[in-house]
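Analysis of the macromolecular model
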Amino acid sequence: MNGWVGKLLRVNLTNGSITVEELSGKVTDQFLGGRGLASKVLYDEVDPKVEPLSPENKIIFMTGSLTGTGVIGGASYVVVTKSPLSVSIACSTAEGYFGPELKSAGYDGIILEGKAPQPVYLSIEDDRVELLSASHLWGKSTSRTEEIIRAEKEKIWSAKETSVASIGPAGEKLAKIASIINDRHRVAARAGVGAVMGSKNLKAIAVRGNQTVTVADGTLFVDAVARAWEKFKSTPVIPQTLNNVGTSFLVDLINGSGVLPVNNFQTGVMKKVEKISGEHMAETILRANKGCFACPIACVQMTAVEDPAFQGEGEGPEYRTIALIGAACGIGDIAAVAKISYLCDEMGIDTLSFGSAVACAMEL
């Protein structure tokens, strides 16, 4: 069980019960990683005929065996549920600090079932787990929700260590492209996972952990992580490029290959693509870099737009957001793309699904 904590939280939102269940090594060996484990839980416990937005559906937040260990890229967690968009198993992944904090609190994952009578949020600090009223948070943006929860926890916890995953108005209104935002800017975006949270009257999950995630041999593990990082740094271009402009460096590359989704995929090449390129973003709106838990790459681009028409600040946009909000919709202004991306994050909407839907509507 090294790497795993060996415990799952089960929260029944209908009656408010919270229980801790043991996670066996036999199960984690058979279903490797958070996605495999969460998919098994959903398969075992949710009837295929269940409506995705009904109380009978379940939503599962699950870490993996490497989450929170310090390995590069070990910041991920997954959200698995029955998707209201595809009506099949959804798995949406996010990074940041939420997964490692959950692991440090002593839990590999959370199984949420039922529906709360009123809006609530789940508060976790080690073995202190409780459902609290979220009536004062309902209708608020994801960033404002996080600010309020962190301020509330400041009296009890160390606020800077509190990680919050929340939905915005889109999830509350059951939009089928609603996302979950954690740590202000990290997104579990795909397949309407935010709508399932909203259908359960669950506004957010706040977590802080004080425990250490163990591995079989700490010395060998640290050495392996260091060697992997040295090898990664020696690869041409990628580490420095990701640090400088994030995944947006792909805009020029994909456009040059003729497969950028321009005007709803009607063509693969965009004229004046340099106006939405990563390099142009770095020259105009980039303000700082930010990294996820235990990741030295720091590929998250924090940006701010001063142009009054598109004023705002937030994360990115990253390549896929630029491709689907920018190129696919024929928008050749990085400030405009950034502003739309900011608004999507605040409302809790998946930028890729949003861009794709708008691009399709424009062509129609």
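Residues numbered from 1 in each chain as written. Predicted model: local features only at pLDDT ≥ 70, side-chain atom pairs only at ≥ 80, totals over all residues. Heavy atoms only, no water.

**Describing the sheet that holds strand 13 (residues 286-290)**
Selection rule: We call two strands paired when DSSP finds no fewer than two bridges between them. Helix numbering and strand numbering both begin at the N terminus, where a helix is a DSSP run of H or I of at least 4 residues and a strand a DSSP run of E of at least 2. Lines fitted to C-alpha atoms define the axes, with helix axes restricted to the stretch in contact, and inter-axis angles between N-to-C directions lie between 0 and 180 degrees.
If you trace the three strands from one edge of the open sheet to the other, you get 13-14-15, paired in antiparallel fashion. Pairing within the sheet leaves two strands with one partner each, and these edge strands are strand 13 and strand 15 (312-315). On average, each strand axis in the sheet is tilted by 15° relative to the strand beside it, whichever way the strands run. Two elements, strand 14 (residues 300-305) and strand 15, share four bridges in a ladder whose sense is antiparallel. By the bridge assignment, M302 is partnered in strand 15 with E315.

**So, the sheet that holds strand 9 (residues 163-166)**
Read across the sheet, six strands follow the order 8-7-12-9-10-11 without closing on themselves; strand pairing throughout is mixed. The open sheet is flanked by strand 8 (128-133) and strand 11 (186-188), the only strands paired with a single partner. The average undirected angle you get between the axes of adjacent strands in this sheet is 20°. Relative to strand 10 (residues 180-182), strand 9 runs antiparallel, the two being bridged by two bridges. Considered in strand 10, the bridge of S166 is made with I181.

**Remarks on unusual backbone geometry**
That bond from G316 to P317 is cis: its omega, 15°, falls within 30 degrees of zero. Within the element layout of this structure, P317 appears in the loop between strand 15 and helix 11 (319-327). With a phi angle near 50°, N263 is a residue other than glycine that sits in the positive phi range.

**Quick notes on the pairing of strand 8**
As paired elements, strand 7 (residues 120-125) and strand 8 share six bridges and run antiparallel to each other. Within strand 8, the position partnered with S123 by the bridge is E130. The antiparallel hairpin formed by strand 7 and strand 8 contains two residues in its connecting segment, where D126 sits at a positive phi of about 55°.

**Section: empty space enclosed by the protein**
Put simply, the test is: Whether a set of points on the 1 Å grid over the protein atoms alone is a cavity depends on a 1.4 Å probe fitting there but being unable to get out, while an open set qualifies as a pocket with protein on both sides within 12 Å along at least five of seven lines; lining residues are those with an atom within 4 Å of a point. Grid points are joined across faces, edges and corners, and a volume is the space filled by probe spheres set on the points. Under the scheme applied, nonpolar residues are Ala, Val, Leu, Ile, Met, Phe, Trp, Tyr, Cys and Pro; charged residues are Asp, Glu, Lys and Arg; polar residues are all the others, including Gly.
Enumeration according to the criterion identifies two cavities of 30 Å³ or more in this entry. If you go around the largest cavity, the residues you meet are G96, Y97, D183, H185, R186, K290, G291, C292, V300 and E315. When its residues are assigned to classes, the lining of the largest cavity shows three nonpolar, three polar and four charged. Within this model, the second largest cavity holds a volume of roughly 40 Å³. In this structure, the second largest cavity is lined by V245, G246, T247, S248, M281, C299, Q301, G316, P317 and E318. In the lining of the second largest cavity, the residues fall into four nonpolar, five polar and one charged.

**Topic: the packing of aromatic side chains**
The condition that has to hold: Planes of paired rings set the category: under 30 degrees apart is stacked, over 60 is edge-to-face and the rest tilted, where pairs are Phe, Tyr or Trp rings (Trp by its six-membered ring) whose centres lie within 6.5 Å. Here the term buried applies to any residue with accessible area under 20% of the maximum for its type, exposed to any over 50%, and partly exposed to those in between, with areas from a 1.4 Å probe on protein chains only.
A complete count under the given rule lists five aromatic pairs for this structure. Here the aromatic rings of F61 and F98 are separated by 5.9 Å at their centres, their planes lie at 55°, and the arrangement is tilted. Here F61 is found in strand 3 (residues 58-63), whereas its partner F98 is found in helix 3 (residues 98-104), with 37 residues between them in sequence. Each of the two residues, F61 as well as F98, counts as buried. Ring geometry for W229 against F232: centres 5.9 Å apart, planes inclined by 25°, an arrangement best described as stacked. Note that W229 and F232 are positioned in helix 7 (residues 218-233) at a spacing of three residues, about one turn of the helix. Through successive ring pairs, a cluster of aromatic residues spans F61, Y77 and F98.

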